[in-house]
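# Breakdown of the fold
Chain by chain, the residues run as shown.
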Amino acid sequence: MPFDLDMIKAVYKALPARVEEARKTLGRPLTLTEKILYTHLHPESPLQNYSRAKDYVFFAPDRVAMQDATAQMALLQFMMAGRDNVAVPSTVHCDHLIQAEEGAAQDLAKANDVNKEVYDFLSSVSNKYGIGFWKPGAGIIHQIVLENYAFPGGMMIGTDSHTPNAGGLGMVAIGVGGADAVDVMAGMPWELKMPKVIGVKLTGKMSGWTSAKDVILKVAGILTVKGGTGAIVEYFGDGAESLSCTGKGTICNMGAEIGATTSTFGYDEAMGRYLRATERAEVADLADGVKEHLTGDAECYANPEKYFDQVIEINLSELEPHINGPYTPDLAWPISKFAQAVKENNYPQKLEVGLIGSCTNSSYEDLDRAASLARQAVDKKLKVKSEFTVTPGSEQIRFTVDRDGQLQDFEKMGGVVLANACGPCIGQWARHTDDPNRANSIITSFNRNFSKRNDGNPQTRSFVASPEIVTAMAIAGDLTFNPLTDTLKNENGEDVKLDPPTGVELPAKGFAVEDAGFIPPAADGSGIEVKVDPNSDRLELLTPFKPITQEQLKGMRLLIKAKGKCTTDHISMAGPWLKYRGHLDNISNNCFIGAINFFNGEMNKVANYVDSEDEAEYLGVPDSARKYKAAGISTVVFGEENYGEGSSREHAAMEPRHLGVRAVIVKSFARIHETNLKKQGMLALTFVNPDDYEKVRQDDKIDILGFNEMAPDKNLTVKLHHKDGSTEEFEVAHTYNQAQIDWVSAGSALNKIREELAS
Ligand code: SF4
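Within each chain, residues carry numbers counting from 1 in the order of the written sequence. Given that this is a predicted model, residues contribute local features only at a pLDDT of at least 70 and side-chain atom pairs are listed and counted only at 80 or more, while totals for whole chains, interfaces and linings are drawn from all residues. For the side-chain quantities, the full set of heavy atoms in the structure was used; hydrogens and water were omitted.

As named in an unreviewed UniProt entry, the protein chain is Aconitate hydratase A, taken from Phaeodactylibacter xiamenensis.

Below, the structure written as structure tokens:
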């Protein structure tokens, strides 16, 4: 059994007293979100009433999950922490690197070949450090977490934005960057701004064509893609209890589309049933024993306006199926209005492909209900008009629906079953089309539908709906079809109507699987060698960064003075560079290539003065950085407001560090990026007077003074030596506490941990 019963027992044992302490400290009833957060405070954040949306708090999550694309750099970094084992239960899931092309077996075989070095690395490092490894084909991270690891009242982080899926089992599960995973696996506290709490009260009961997916499609329409930012969404009410556990998972999964930190539901009977069906009766029994602590206090739900920052109410009895899109998941259309929207907006009416499954919607219930429509297509002699694919979320689900016949139902209607992996959801889709640039429509039961996400074609209009609606639309092949009201012509020329989908929540014969794809780590990994081919261009073992010295901070050169917005995408672009995420030197060739140079308004063209003090040589930013580094000259980066916003990817801090940048000096930082710079042992500084940004000239030599005396709340001084012989000085501030200054002194946070473990 891969789950950690002892850890869960320990959490539940401490839970009643910790909830009571938190309730006393806050002096009021608690939402479920608060119960989970306050019972997971790290000792570095003492129990006190933290202000929502204001205070930064350290937490101690119970577990970590990583997918194969993000795990590479996270684990390369973790290896430098000098630990024998991960500090909390952790898992790696090989799901993102499998391309969908022919079908499950062929695609998996190809992925095993193409990605062999990455898989070998991930499996060996997992084996060595006590990390559970889910091999390619085992399934998608979030489905596997729900089936095996999620538990009510727990807190986890995962290096993927749809980690909130585990909220379906009552967790606070948050998607993070690799650097956060390293913190938690290395035993460091994990920091988060205390979130706001949005309450969604669900009343009534769904019926007919409506499914759990429609709840989140509706919520996305209400809150928009930004409405959940900085908040945890907590669902409650009798309607919430009427939903299956996996339905709740779907809702929480897609909470990422409204920008929410995560979403969660209180523990209820549906969760208990799911735990028992997935062979975790012990967890269900334990949860039953503390169930009043695994949901919000009754008073919070009776008077939600008093305890939540925002309250939304949805009556499930009145909820229509929705179709959201194209290009954004918050463009929500009730099915009754969709045909009109298609016509008014000239969306291509012909539906080319319907795709069901993914981490969002491949529960037994989802596939069983969708299969009921597939059977109808065959029975009613309907010729299926669109291509149709099915992506099971895990081998356990695939095996079970194969045994129970749903897969055959899909195949009979012309469906192709893809590997248990992300595939088309993340653009890993070699789509069969005669014209890859044509304007066309597809519909999926996935979560995201941004331009180009599925097939790389900006002309593809991708819509998101429930698996039931996707299946019905694929049968019709026409976006203006409304399965609730419209008929279709069958092969005999008769008008037939699809009956509402039917299906069960859980398999009557239980789940089954022959090889779930889990490889437990070695009990003692000390003798295991981590496999990295020294000639690989995708993976490279890291070398610890050397600490910065005061000497290096004299006579530095400007690498780039970035103008305007400089997000982590500008600093470390994604797209084709994803391939190099495990190879710091190779991915550093994208460093700052998207940032605008203040002095010429261009991207990836900066002045370099290594060869001549008088005449600038214009180079790409990475080339310029490498040239300075080779000449032993340190560099500085200047920027404007909210520098480093966007994704939390640690590459945006590691690449400049690797290329010899010592300090980043900006008007203001996005908090996560600022912390990432600190962790990598760099100087993250802000202008005391933002106008000093204007003083920096591209041919300056730059000193940072006061480094050796660096202390919390003590400013440093920047001295600019202009080419005309004049100098200017200004103060720069920082937010390093003493522990973070120690990271800089050690070269990085991981170096510091290694030193501490060795002493
Ligand atoms: Fe992300 Fe899609 Fe994979 Fe889910 S199936 S983890 S949303 S890429």
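A word on the overall build of the protein chain. The helix and strand inventory of the protein chain stands at 26 helices and 30 strands. We compute the radius of gyration over the C-alpha atoms and compare it with the globule rule, which gives 2.2 Å times the number of residues raised to the power 0.38. At 27 Å, the protein chain has a C-alpha radius of gyration in line with the 27 Å of a compact globule built from 759 residues. If you line up the protein chain on its principal axes, its C-alpha atoms span 90 × 60 × 55 Å. Taken over 759 residues, the protein chain has a buried fraction of 60%. Note that accessible areas follow from Shrake-Rupley with a 1.4 Å probe, and for residues the cover is restricted to the protein chains shown. Roughly 27,500 Å² of accessible area belongs to the protein chain as shown, and the carbon and sulfur atoms make up 48% of that amount. Numbered from the N terminus, helices here are DSSP runs of H or I no shorter than four residues, and strands are runs of E no shorter than two. Relative accessibility decides the category of a residue: with a 1.4 Å probe and only protein chains considered, values under 20% of the type maximum give buried, values over 50% give exposed, and everything between is partly exposed.

We now examine the nonpolar core. In terms of nonpolar packing, the biggest core is built from 178 residues, with L75, L202, Y235 and F410 touching the most fellow members. With eight residues, the top contributor of residues to this core is helix α1 (residues 5–26). Any two residues having at least one pair of non-hydrogen atoms within 4.5 Å are treated as being in contact. Those residues in contact with Y235, other than ones at most four positions away along the chain, are V200, L202, V215, I216, V219, A240, I251, S263, T264, F265 and G266. By nonpolar core we mean a set of buried residues, namely Ala, Val, Leu, Ile, Met, Phe, Trp, Tyr and Cys, connected to one another through side-chain atoms within 4.5 Å.

For two strands to be treated as a pair, DSSP must find at least two bridges joining them. The strand order across the open sheet formed by six strands is β6-β5-β2-β3-β4-β21, and the pairing between neighbours is mixed. Because the sheet does not close on itself, it has two edges, and the strands there are β6 (172–175) and β21 (518–519). With three bridges connecting them, strand β2 (residues 63–67) and strand β5 (residues 155–158) associate as parallel partners. Pairing of R63 across the sheet is with M156, part of β5. Axes here refer to lines fitted to C-alpha atoms; in helices the fit is confined to the stretch in contact. Angles between the N-to-C directions go from 0 to 180 degrees. Against the sheet, helix α5 (residues 116–129) touches β3 (90–93) and β4 (132–134), its axis set at about 155° to β4.

On to the site of the ligand. One heavy atom suffices: a residue is near a molecule or strand as soon as one of its heavy atoms comes within 4 Å of it. Around the ligand, the neighbouring residues are H96, I140, H142, D160, H162, S358, C359, C422, C425, I426, N447 and R453. Residues belonging to the shell around the ligand are distributed by class as follows: five nonpolar, five polar and two charged. We call Asp, Glu, Lys and Arg charged. Ala, Val, Leu, Ile, Met, Phe, Trp, Tyr, Cys and Pro are nonpolar, and the rest, Gly among them, are polar.

UniProt positions are given in the numbering used here, feature names are shortened, and annotations may be inferred rather than shown by experiment. The positions UniProt marks with the feature "domain: Aconitase A/isopropylmalate dehydratase small subunit swivel" (unreviewed entry) are residues 556–689. Taken end to end, residues 556–689 is 26% helix and 21% strand, and its first and last C-alpha atoms sit 21 Å apart.

Our focus in this paragraph is the pairing of strand β25 (residues 635–639). For β25, the tally of buried residues reaches five of five residues, placing the bulk of the element in the interior. Of the two faces of β25, the one holding T635, V637 and G639 and the one holding V636 and F638 are both buried throughout. For β25 and strand β26 (residues 661–666), the ladder comprises five bridges, and the chain directions are parallel. Along β26, the bridge assignment pairs T635 with V661. With the strands pointing away from the viewer, any crossover whose connection runs clockwise from the first strand over the helix to the second is right-handed. Between β25 and its parallel partner β26, the chain crosses via helix α23 (residues 651–658), and the hand of that crossover is right-handed.

Our focus in this paragraph is the packing of helix α3 (residues 68–78) against helix α7 (residues 178–185). In the contact formed by α3 and α7, the axes pass within 8 Å of each other and the chain directions differ by 40°. Overall, the two elements α3 and α7 adopt an arrangement that is oblique. Here α3 and α7 pass one another in a crossing that is right-handed. Contacts between α3 and α7 pair A74, L75, Q77 and F78 from the former with G178, V182 and M185 from the latter. Classifying every residue of the contact of α3 with α7 gives five nonpolar, two polar and no charged. Angles below 35 degrees are treated as roughly parallel, those above 145 as roughly antiparallel, those between 65 and 115 as roughly perpendicular, and all remaining angles as oblique. Note on convention: near helix rotated counterclockwise from far helix by under a right angle means a left-handed crossing. Clockwise means right-handed.

Now for the domain arrangement of the protein chain. A common way to report how large an interface is uses the accessible area buried once the components associate. Here the protein chain is partitioned into domain 1 (5–318), domain 2 (322–496) and domain 3 (551–758). Each of domain 1 and domain 3 has a C-alpha centre, and the two are 34 Å apart. The partner domain 3 presents 19 residues to the 22 residues of domain 1 that form the contact. What gets called buried area is simply the loss in accessible area from a 1.4 Å probe that two parts show on being joined, summed for both. Carbon and sulfur atoms make up 58% of the surface buried where domain 1 meets domain 3, a total of about 1,700 Å² over both sides. Broken down residue by residue, the surface that domain 1 buries against domain 3 is led by M73, M80 and M188, which jointly contribute 31%. Every case where a carboxyl oxygen of Asp or Glu lies within 4 Å of a side-chain nitrogen of Lys or Arg is listed as a salt bridge. At the junction of domain 1 with domain 3, the criterion picks out two salt bridges. A salt bridge links R671 to E191; the shortest N-O distance between them is 2.5 Å. Polar contact criterion, stated in full: a pair of N or O atoms within 3.5 Å, where within protein one must be able to donate a hydrogen and the other to accept it, and residues adjacent in sequence count only if both atoms are side-chain atoms. Run the count over domain 1 and domain 3 and you get six residue pairs in polar contact (both at pLDDT 80 or more). Element by element, the count of residues in the side of domain 1 that touches domain 3 is highest for α3, at seven residues. The start and end points of each domain follow an automatic or database-based domain assignment.

So, on to the packing of aromatic side chains. For Phe, Tyr and Trp, where Trp contributes only its six-membered ring, two rings pair if their centres lie within 6.5 Å, and the inter-plane angle classes them as stacked under 30 degrees, edge-to-face over 60, or tilted in between. A complete count under the given rule lists 20 aromatic pairs for this structure. An angle of 90° between the planes, with centres 5.6 Å apart, marks the rings of F598 and Y693 as edge-to-face. Remark: Y693 occurs in the loop between β27 (683–687) and β28 (701–705) and F598 occurs in the loop between α21 (584–587) and β23 (606–608); sequence separation between them is 95 residues. In this structure Y693 comes out as buried when scored by relative accessible area, which is 1%. Taken together through their ring pairs, the aromatic side chains of F598, F599, F638, F687, Y693 and F730 make up a single cluster. Working rule: Lys NZ or Arg CZ, within 6 Å of ring centre, within 35 degrees of ring normal, means a charge sits over the ring. The ring of Y149 has R63 sitting right over it, with the charged end atom 4.0 Å from the ring centre. Seen from the ring of Y736, K678 lies directly overhead, with NZ or CZ sitting 5.0 Å from the centre.

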